Amino acid sequence: GVNCPPMRVVWWGTIDKLGRLPRWPEDRFHILDGERVLAEWLAQCDDRGGMVVNGVRREICFSFFSHRWERPAKAMGANYEVGGFAHPDTEDHKKATMLATYGRRGACSVFQDVVFDYYFFVDHACIHQDDNVAKFAGVMALPMQVSVCIELIFYDSRTAAYEARGWTRVE
């Protein structure tokens with residue numbers, strides 16, 4: 001097997017309930033093991049790969065969320081608790097709102113007759129943010145994370161340049 005961090009995902013309903021993007025590790029109880037999610041889905045789904053979620057028949061979809069972080073770090077060596085670390089979303093949580101809305105709709109322009117149950121790979125939630133070794137391992141595993149997702153979501157915030165960033169080009 002591949003020796004890398006587990007695939008972590010965040011269910012759209014969790015983002016909707018929190019009203020923000022969760023952060024690893026302090027929000028780890030809101031972040032799911034992708035392999036376990038998929039195994040549980042396969043154990044419960046119908047013969048076409050779907051199941052009823054909140055009264056609607058849905059099919060599972062892992063989506064990789066590629067974006068530019070909105071708020072840069074305020075100072076070298078800053079820490080998250082005092083608000084100095086970079087943050088991926090705006091103060092009004094526009095990315096979280098978009099992902100929750102996208103998930104609630106469950107729509108996809110390619111498969112118009114299917115409603116999806118979205119699980120998102122979001123770096124802030126799915127890569128360790130405090131342990132530098134674990135963070136490096138998570139970043140190195142990004143190609144694997146992308147490869148197991150059904151779709152890639154490229155988010156253009158219109159407030160933070162996306163294309164000029166080297167890492168977003170790799171994604």
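Placed above this text is the structure.
Quick look at the structure, then. (Residues numbered from 1 in each chain as written. Predicted model: local features only at pLDDT ≥ 70, side-chain atom pairs only at ≥ 80, totals over all residues. Heavy atoms only, no water.)

**A look at the overall build of the protein**
Put simply, the rule reads: Only DSSP runs of H or I with at least four residues qualify as helices, and only runs of E with at least two residues qualify as strands; both kinds are numbered from the N terminus onward. Accessibility here uses a 1.4 Å probe with only protein chains present; expressed as a share of the type maximum, an area under 20% marks a residue as buried, one over 50% as exposed, and anything in between as partly exposed. Here a residue-residue contact requires only that any non-hydrogen atoms of the pair lie within 4.5 Å.
Across its full length, the protein holds seven helices and six strands. In the protein, which comprises 171 residues, the share counted as buried stands at 42%. Considering only intrachain contacts with a sequence separation of at least 6, the fraction spanning at least 24 residues in the protein is 65%.

**Notes on the packing of aromatic side chains**
Threshold: Aromatic rings from Phe, Tyr and Trp, taking only the six-membered ring of Trp, are treated as a pair when their centres fall within 6.5 Å; an angle between ring planes under 30 degrees marks them as stacked, one over 60 as edge-to-face, and anything in between as tilted. Here, a charge over a ring means that NZ of Lys or CZ of Arg falls within 6 Å of the ring centre while also lying within 35 degrees of the ring normal.
By the definition in use, this model includes nine aromatic pairs. Centroid distance Y102 to F120: 6.4 Å. Interplanar angle 40°. Geometry classified as tilted. Pair noted here: Y102 is in helix α3 (residues 94–105) and F120 is in strand β5 (residues 116–121), with a separation of 18 residues, a long-range link. A relative accessible area of 0% means that F120 is categorised as buried. The structure contains a cluster of three or more aromatic residues connected by ring pairs, namely Y102, F111, F116, Y118 and F120. Geometry around W24 places R8 over its ring, the cationic atom sitting 3.7 Å from the centre.

**A short note on the nonpolar core**
As a reminder, the rule being used: Definition of nonpolar core: a set of buried residues of the types Ala, Val, Leu, Ile, Met, Phe, Trp, Tyr and Cys, connected through side-chain atoms within 4.5 Å.
Counting residues in each nonpolar core, the largest one holds 35 residues, and the members touching the most others are I15, F62, L99 and F120. Listing elements by their share of this core, those giving two or more residues are β1 (8–11), α1 (12–18), α2 (34–44), β3 (50–53), β4 (56–66), α3, β5 and α4 (123–126). Beyond its immediate chain neighbours, meaning those up to four positions away, L99 contacts W12, I15, L21, F65, F120, V122 and I153.

**Details of α3**
Counted only if it meets this: How far a helix is expected to stretch is found by multiplying one less than its residue total by 1.5 Å. Our arc is simply the arc of the directions from the helix axis toward the C-beta atoms.
Across its 12 residues, α3 extends 17 Å between first and last C-alpha, which sits within 8% of the 16 Å expected from 1.5 Å per residue. For α3, every residue scored as buried is listed here: K95, A96, L99, A100 and G103. For α3, the buried positions fall inside an angular range of 130° around the axis, keeping them on one side. Turning to α3, the residues buried within the fold contact α1, β4, β5 and β6 (151–154).

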